[in-house]
Amino acid sequence: MGARQSRASSKDKGPKRILFTGRRQKFSPWDDALLPGRDPRSLLKRGMHHVSFSLVTRGMTDIPDFLWGLSEVQKLNLSHNQLRVLPPEVGKLTRIVVLNLCGNRLKSLPREVSLLQGLRVLFVNMNCLTEVPAELSLCRKLEVLSLSHNCLSQLPACFSDLSRLRKLNLSNNLFTHIPMCVFSLKELIFLHVGSNRLENIAESIQHLTSLQIFIAEANNIHSFPRSLCLVTSLELLNLNNNDIQTLPSELHLLCRLVRIAWNPMDKGLHISHNPLSKPLPELVEGGLEMLFGYLKDKKHT
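The rules behind the values
- Residues numbered from 1 in each chain as written.
- Predicted model: local features only at pLDDT ≥ 70, side-chain atom pairs only at ≥ 80, totals over all residues.
- Heavy atoms only, no water.
- Helix = DSSP H or I, 4+ residues; strand = E, 2+ residues; numbered from the N terminus.
- Buried < 20%, exposed > 50% of the residue type's maximum accessible area, 1.4 Å probe, protein only.
- Contact = heavy atoms within 4.5 Å.
- Areas by Shrake-Rupley, 256 points an atom, 1.4 Å probe, with all protein chains shown as cover.
- Pairing = 2+ DSSP bridges.
- Phe/Tyr/Trp six-rings, centres within 6.5 Å; stacked < 30°, edge-to-face > 60°.
- Salt bridge = Lys/Arg side-chain N within 4 Å of Asp/Glu carboxyl O.
- Disulfide = S-S within 2.5 Å.

An unreviewed UniProt entry annotates the protein chain as Leucine-rich repeat-containing protein 30 of Macaca nemestrina.

As structure tokens, this is what we get:
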């Protein structure tokens, strides 16, 4: 009995276990990746061509400061977070080639974006932009720019300096006309202005002589401009869901349109859901060759 008591008393004298009953400490969304004490550079992915860094869908409302020290980064993906501000420190990442800010809450971009002289691809779609800084036009190597699903109604005139731009997405904004600076972008092969407030397409569209895909669906465009028929490089022309009643006789000049297209992904002429005057609806149903033939004959009568 005494031995048992002595063993029990000796246990009581040992260190007591401490129970933590409070809530688990919460870390910032990026801290969980750094908890082992790793250098942030260990999170970089080094591919064959680019050094990339990604913080996608982390629920971030701000960007961790350590990022601005990762000067090697060439591809940066901060998409689908809750970012409201892109700090001017982004200008320190001068090697960036691809910057993805899609799906945040940005209302503007800092002027320091002009320091990204190697930038070729910029996604700022699905944000809250009401304007785009003129300084972005200093990124002269920019080839792809997506500004869709924002609150934009104009672009800076100096965007005409983006002479290497090949793909531009302005869809789902508040544009009432295609900005004039766009018609100076001679290298454009893709232009999407769908789901805006357009009522017409300016005659200047004919200057985009390299354009292969032009999407202007879901606007309020009243007429099909003859000048659009001079963009003979077009392979996909989508004017679905507008207010077009007639088609120009010069439509047959668009010789790279291979069919009347019904699937949104198909190349060809998309002209459905317009109040086309008779007999155009029946001719559209008959195919592009029948439609072209009718329009050419009508021109000579």
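Asker: How would you summarise the overall build of the protein chain if you had to cite specific residues and measurements?
Answerer: When its secondary structure is counted, the protein chain shows four helices and 11 strands. Across the 301 residues of the protein chain, 45% fall into the buried class. Of the contacts made within the protein chain by residues no fewer than 6 positions apart, 33% connect residues no fewer than 24 positions apart. About 16500 Å² of surface is accessible on the protein chain, with carbon and sulfur atoms providing 50% of the total.

Asker: Before we move on, can you summarise the sheet that holds strand β6 (residues 144-146) with the specific residues and values?
Answerer: Across the sheet, which stays open at both edges, the 11 strands sit in the order β1-β2-β3-β4-β5-β6-β7-β8-β9-β10-β11 with mixed pairing between neighbours. Because the sheet does not close on itself, it has two edges, and the strands there are β1 (45-46) and β11 (268-270). Where strand β7 (residues 167-169) meets strand β8 (residues 190-192), three bridges bridge the pair, whose relative direction is parallel. Residue K167 lies in a different strand from β8, and its bridge partner there is F190.

Asker: So what's going on with the pairing of strand β2 (residues 51-54)? Which residues, and what values?
Answerer: A one-sided burial pattern is seen for β2, the buried positions being V51 and F53 and the unburied ones S52 and S54. Here β1 pairs with β2 via two bridges, running antiparallel. When the sheet's bridge partners are listed, R46 is paired in β2 with V51. When β2 meets strand β3 (residues 75-77), the two strands line up parallel, connected through three bridges. Looking at the pairing, F53 lines up with L76 of β3.

Asker: Hey, could you go over the packing of aromatic side chains for me, with residue numbers and the actual values?
Answerer: In total, this model carries one aromatic pair according to the counting rule given. Centroid distance F53 to F66: 6.1 Å. Interplanar angle 85 degrees. Geometry classified as edge-to-face. Here F53 is found in strand β2, whereas its partner F66 is found in the loop between β2 and β3, with 13 residues between them in sequence.

Asker: I'd like a rundown of the pattern of salt bridges, residues and numbers included.
Answerer: This model, assessed by the stated rule, comprises four salt bridges. Note that R111 and E135 form a salt bridge whose closest N and O atoms lie 3.8 Å from each other. Here R111 is found in the loop between β4 (98-100) and β5 (121-123), whereas its partner E135 is found in the loop between β5 and β6, with 24 residues between them in sequence. With relative accessibility at 60%, the residue R111 sits in the exposed group. Between E250 and R226 there is a salt bridge whose closest N-O contact spans 3.3 Å. Linking E250 in the loop between β10 (236-238) and β11 with R226 in the loop between β9 (213-215) and β10, this pair joins segments that are 24 residues apart in sequence. Residue E250 is classed as buried on the basis of its relative accessible area, which comes to 19%.

Asker: Can you lay out unusual backbone geometry for me, pointing to particular residues and giving the numbers?
Answerer: Comment: phi is negative for the bulk of residues other than glycine, and the bulk of peptide bonds are trans. For the peptide bond that leads from K278 to P279, omega is 5 degrees, which places it in the cis range. Here P279 shows up in the loop between β11 and α3 (280-286). With phi around 55 degrees, N241 is a residue other than glycine that occupies positive phi space. Locating N241 in the fold gives a position in the loop between β10 and β11. The phi torsion at H273 lies on the positive side, around 60 degrees, for a residue other than glycine. Within the fold, H273 resides in the loop between β11 and α3.

Asker: Outline the state of the cysteines, supporting the account with residue identities and numerical values.
Answerer: Covalent bonding between the sulfur atoms of two cysteines defines a disulfide. Under the criterion given, the structure shown has zero disulfides. In this structure C151 is not part of a disulfide, and its nearest cysteine sulfur, from C128, lies 6.1 Å away. Among the residues examined, C151 registers a relative accessible area of 37% and is labelled partly exposed.

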